[in-house]
Every structure is written in C-alpha cells, then in structure tokens.
Amino acid sequence: MKEFFGFGGYEREPEGFLSWQHLLFVSSLMAVMALLAVLLGRRNRSRTEREKNRVLVICAILIDSIEIIKLACFCLRSGSCETLLYNLPLFLCSIQLITIPLAAFSKGRAREAALDFVFIFGLLGAVLGTYGAGQNYSAYPVLGIENTASGITHSIAGFCSIYIGVSRMASMNRRNIPVTFSIMIFFCAAAFAANKLLDYNYMFLVRGDGTPYDLLYGLVSGSPVLYPLLVVLLLLVYIAVFYLVFFLIKKCRKVRA
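These remarks concern the structure in this document. (Residues numbered from 1 in each chain as written. Predicted model: local features only at pLDDT ≥ 70, side-chain atom pairs only at ≥ 80, totals over all residues. Heavy atoms only, no water.)

Digging into the overall build of the protein
At step 1: When its secondary structure is counted, the protein shows 10 helices and 0 strands.
At step 2: In sequence order, the secondary structure elements of the protein are arranged as α-α-α-α-α-α-α-α-α-α.
At step 3: Against the 2.2 N^0.38 benchmark of 18 Å for 257 residues, the protein shows a C-alpha radius of gyration of 19 Å, consistent with a compact globule.
At step 4: Across its three principal directions, the C-alpha atoms of the protein cover 60 × 40 × 35 Å. (Helix = DSSP H or I, 4+ residues; strand = E, 2+ residues; numbered from the N terminus. Rg over C-alpha atoms; globule rule 2.2 N^0.38 Å.)

Description of a positive patch on the surface
At step 1: Together, Arg 43, Arg 47, Arg 50 and Arg 54 line one region of the surface with positive charge.
At step 2: On the secondary structure map, Arg 47 appears in the loop between helix H2 (20–44) and helix H3 (49–78). (Patch = residues over 30% accessible without salt bridge, like charges linked within 9 Å, V, L, I, M, F, W, Y side chains within 5 Å. Areas by Shrake-Rupley, 256 points an atom, 1.4 Å probe, with all protein chains shown as cover. Salt bridge = Lys/Arg side-chain N within 4 Å of Asp/Glu carboxyl O. Lys, Arg positive; Asp, Glu negative; His and termini not counted. Charge placed at Lys NZ, Arg CZ, Asp CG, Glu CD.)

Focus: the side chain of Asp 116
At step 1: Checked against the element boundaries, Asp 116 lands in helix H5 (residues 108–128).
At step 2: Buried and unpaired, Asp 116 has Arg 175 as its nearest opposite-charge partner, separated by 8.1 Å.
At step 3: When near neighbours in sequence (up to four residues on either side) are disregarded, Asp 116 contacts Ala 170, Ser 171, Met 172, Asn 173, Asn 176 and Tyr 243. (Buried < 20%, exposed > 50% of the residue type's maximum accessible area, 1.4 Å probe, protein only. Contact = heavy atoms within 4.5 Å.)

Topic: H5
At step 1: The terminal C-alpha atoms of H5 lie 30 Å apart, and with 21 residues this matches the ideal 30 Å at 1.5 Å per residue to within 8%.
At step 2: Maximal helix bending in H5 amounts to about 35 degrees, located at Phe 121. (Expected span 1.5 Å × (residues − 1). Bend = angle between axes of the 7 residues up to and from the residue.)

Some words on the pattern of salt bridges
It is possible for side chains of opposite charge to pair when their charged atoms get near one another.
At step 1: Applying the stated criterion across every chain yields a total of 6 salt bridges.
At step 2: The shortest N-O distance in the salt bridge between Arg 175 and Glu 112 comes to 3.1 Å. Here Arg 175, found in the loop between helix H7 (145–166) and helix H8 (177–198), pairs with Glu 112, found in helix H5; they are 63 residues apart in sequence, far enough to count as distant.
At step 3: By relative accessible area, which is 21% here, Glu 112 ends up partly exposed.

Set out below in structure tokens:
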C-alpha cells in the first residue's frame, strides 16, 4: 500500500507511455466503461428522468470522492497543501469534476447545459486522459495512485458521456450552444491566468507535455501566442462540429421516420 500511494517515492520504474502495461490498463478501463454505459443507458432509456439521474448522482459522488482521496494523499506525501495549487480542476478532463455534479444535482437550464457539456467532452477527455496521457505514464508507475485515480476518474467521465447519449438525457438545444462555448472559454481563461501566476501548464496552454497537443505545439514552433490561441480555437471548433454532427444525425433520423 505504501508503494501504491508513493509514500517515500516509488521504488518501481515507470513502465512508460504506450507500454503494454499502460495500454492494457487503460483499455480494460475503457472496455468496462463502455459496456456499463451502454447497458445502463439502454436499460434506463424509457425510465423517468429521476431514475436516469440516479446513475449520474452516483458518478458525481464517485468522481469527486476519488479526486479528494488523491489530493489528500498528495498533501500527506508532500507535507503541505501547496500541492493543491497544481491540481486545480483546470484541465479539459478535470472540468468534469464540476460539470458532472452540476448535471446530477442542478435543475433547469444549468442542468441542461451541464448534461450537454459532459456529453460533448466526457468521452473525448476520457480517451485523451488515458491513451494520450504521456505526461503521467512516463513519470509514474501504471499501478500507482496518480495513474490509477486518473484512469478511474477519466473513465467515469467517459461513462457519463456515453450514458447520457444512450439514455437520451442530452437536450442539445440550440439555446445551450452559447452556454457551452462560455463554459469552455471561462475555464480556458482561468487556466491561462493560473498558468501565469503559478508557472504551470493547465489546459496544456503552455506546451504539449507529451500529450497529442505536442503535434500542435510543433506545428507553430512553440509560439507563446499562436499555440494557446489554437488550443482554445480547436476546443471551440470541436464543440461546433459536435453540435453540427448531432443535428445532422437527428435530421436524418427524422427523414427516415
């Protein structure tokens, strides 16, 4: 247990990014995530919104509880809570620590917008934060608190995304599009400010750090102006394309019906 939580430092060498241990671990999580999401989503599709929402309530409690345990471990290991400044929910994936509880416990338009946001970004964040997390799997053992907690929380986010889609909880109303854009812009602005204050790399707005963003970073030769602008633009374009594809699929279904 001491070795799993990393007290005194890890004795094991990291297995490495895209090692068979990394791929086996995250593929197992993704398989369980997808299977449960589809099964529960199909089972609950015709049930009331309250019954559907119970699954999200459990997910909200789980994802935040695991994150709190991880942060408590980090504080105990370092002997200081300063580490919390470098684990704020200001990455694309960790935004779900806020939006999933918002989708589970809020009402009205706030809930609709949160459901749509989780639906749009949950699965993308799950894939990028597991298969693409070069910064984690290069630095820590696969079966350590960092990668285990991260893998589970990312899987919960991906689960919620698929579940919301399969159970038809997402509203995807056109009126929520500005809200979805606003949520993303707000978190990007907060991440940019935090990076300046803490000399950190939230939302990977400073550099790629071994993630797929490295491709974009190399494309603009690491420009401190172009790179963060393109990262934000890419996220906004993804939102627009997701809505467009959703509306086209919905329109095709109506035509066939």
